[in-house]
Structure formats: structure tokens, C-alpha cells
Amino acid sequence: MRMRSEQKIQFVASILSADFANLGEDAQKAEAAGIDAIQVDVMDGSFVPVITFGAGVVKALRRCVNLFLDVHLMIVEPERHLSAFAEAGANRLLVHQETCVHLHRVLQLIRELGLEAGVSINPATPLTVLEEVLDLTDLIQIMTVNPGWGGQQLIESQLDKIDRLREMIERRGLEIPIAVDGGVDATTAPRLAEAGATVLISGSSMYNDRASVEDNLTALRESVAGVVWRGWERVRPA
Ligand code: DX5
């Protein structure tokens, strides 16, 4: 079995729970705190009931931070908007399998634009939908809540799904990072990391009026400090 170097867990701030009147400042707070990336939750009011923002906000954020911008497209027909988000300065485009009739082609198009291509699947969507596109995927995001809102509780059944996805990736001899999005906080993060998630996306546990972004990120980091990957053997928390 191929051994992997130690896999660092990445922390991503979702701006869905940031102050929409001060998105640039809130993104800079996350950057100053040492976050690994910003996730921009694009919602169209059709795939999910809420409308948030479009490529113009990505363009504005690109001017504010030097961070990796991960754009989560919770929109129908994402193929119509790929170049706009690429031109706006996105680094990765995450499309939902549920919105892509031609997922294989959409992932090809994203890579042809020079961006990382990611696939996100909802809690009800089985892993089998990913089997034929793993070779075109730079990251897989498991929705651990039903998309549309921040501040929801983690859906427990997704922990086993993460474990099965990790096994699917291992069987193929691939090293695709698994991201989790929704209900990620200092309590759920260790369990998610143990299941195999290596990219933790958090909105309301990063941006809230209880503590600073820096303190929230520190708490999240400390919560998974004992969970690291060495090779494909999972090292449980000390
Ligand atoms: C759901 C969004 C949220 C957001 C994170 O559509 O994608 O999952 O990024 O929300 P929290 O961390 O507040 O659950």
C-alpha cells in the first residue's frame, strides 16, 4: 500500500456567516488569523432557496486577500458561469453533482480554465455518482448539512459516508482531498477528521459574536491537533 507523507488538515472559512456589509474586512481577518482558504458560497435561489452573491463579490475579494478562493457554486447550470468566476479570480470551482447533467464535461471545462475542479454532493446523494469522475476531480466536498444556510447541525449519517469515500479513493490509489461543509466546529471537527476529512469548512463557528476569527480558528485547530494522517493509516487523537 502506498504510503503518504503526513497529511495536513486544511481550514477554510466560509463567508456565508461573515458580515455582508464588510466582507473584505472579514476575509482579511481570516487571512491574518492564518486560514488556508476562503470559501465563497454562491447561491441562486433556485438550487437552494437563498440568493447570496455572484462573480462580482469574488472579484472584490480577490482584491482584498491573497488567499486561495474556493467558490462553492450552489446554482443550476453552473457551466454557464464558469468563465465569469475564473475571470473574477477564483482558484477552485466546486460544482454540485446534482446540478450537472454533464458533470464529466463541466469538470473538464473548469480544468481547461486553469482552475482546480471540485465536486460537492448533498447528504442524500450516494457516492456512486462520483465513480466515473474521480480522475477529473481535485477535491470532493461532502455536504454535512442540506445546503442553503449556515448555522445548521451536522447530519451524523455523513460521517460514515466520509469513511466510505476515503475507502473509495484509497482503492483507486488516488489522493483526492475530502472537504466537509456544514456544522463543522470544535466539537464535530475531530470526528470528521478521523473519518477522513482533510479540508474543514466552517462558517458560523468562524464568524460569530462569541469570539474573534483568530480565537475560533485556534479552537478548531486545537480540536484536531491529535488527528493526523500518516500514510493511509489514520492516527487517532492522542
Ligand atoms: C450551506 C453552506 C454552509 C456554510 C458553512 O449551504 O455551504 O454549509 O458553508 O456553514 P456552517 O459552518 O455555519 O454550518
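Note: the structure precedes this text.
Residues numbered from 1 in each chain as written. Predicted model: local features only at pLDDT ≥ 70, side-chain atom pairs only at ≥ 80, totals over all residues. Heavy atoms only, no water.

1. What about the pattern of salt bridges?
To be explicit about the condition: By salt bridge we mean one thing: a side-chain nitrogen of Lys or Arg within 4 Å of a carboxyl oxygen of Asp or Glu. Only DSSP runs of H or I with at least four residues qualify as helices, and only runs of E with at least two residues qualify as strands; both kinds are numbered from the N terminus onward. Burial here depends on accessible area, computed with a 1.4 Å probe over protein chains only, as a share of the maximum for the residue type. Under 20% is buried, over 50% is exposed, and the range in between is partly exposed.
If you walk through the whole model with that rule in mind, you get 10 salt bridges. Salt-bridge contacts for Arg92 lead to Asp70; the nearest nitrogen and oxygen are separated by 3.2 Å. Placement of Arg92 in strand S4 (residues 92–96) and of Asp70 in strand S3 (residues 68–74) is noted, with a sequence separation of 22 residues between them. Like Asp70, Arg92 is buried. We note a salt bridge from Arg166 to Asp163, for which the minimum N-O separation is 2.7 Å. In this pair, Arg166 and Asp163 both sit in helix H5 (residues 157–171), 3 residues apart, roughly one turn of the helix. You can call Arg166 buried: its relative accessible area is 9%. On the basis of relative accessibility, which here comes to 22%, the residue Asp163 falls in the partly exposed class. The network of salt bridges with common partners includes Asp70, Arg92 and Glu116.

2. Points about the site of the ligand
The criterion, for reference: Residues are labelled near a given molecule or strand when at least one of their non-hydrogen atoms is within 4 Å of it. Distance and chemistry together define a polar contact, namely a pair of N or O atoms within 3.5 Å, with one atom able to donate a hydrogen and the other to accept it when in protein, and with adjacent residues in sequence counting only for side-chain atoms on both sides. Using the Shrake-Rupley algorithm and a 1.4 Å probe, accessible areas are obtained, with residue cover drawn only from the displayed protein chains. Charged residues are taken to be Asp, Glu, Lys and Arg, nonpolar residues to be Ala, Val, Leu, Ile, Met, Phe, Trp, Tyr, Cys and Pro, and polar residues to be all remaining types, Gly included.
Around the ligand sit 20 residues in total, of which Gly148, Gly151, Asp181, Gly203 and Ser204 are the nearest. Here Asp41 contributes a side-chain N or O atom positioned 3.0 Å from an oxygen atom of the ligand. A distance of 2.5 Å separates an oxygen atom of the ligand from a polar atom in the side chain of Ser204. When the ligand is considered free in solution it has 370 Å² of accessible area, and contact with the protein chains removes 99% of it. Put simply, the parts of the chain that give the shell around the ligand at least two residues each are strand S2 (37–43) and S3. Counting residues per element, the shell around the ligand draws most heavily on S2, which supplies 3 residues. Of the residues assigned to the shell around the ligand, the class counts are 7 nonpolar, 11 polar and 2 charged.

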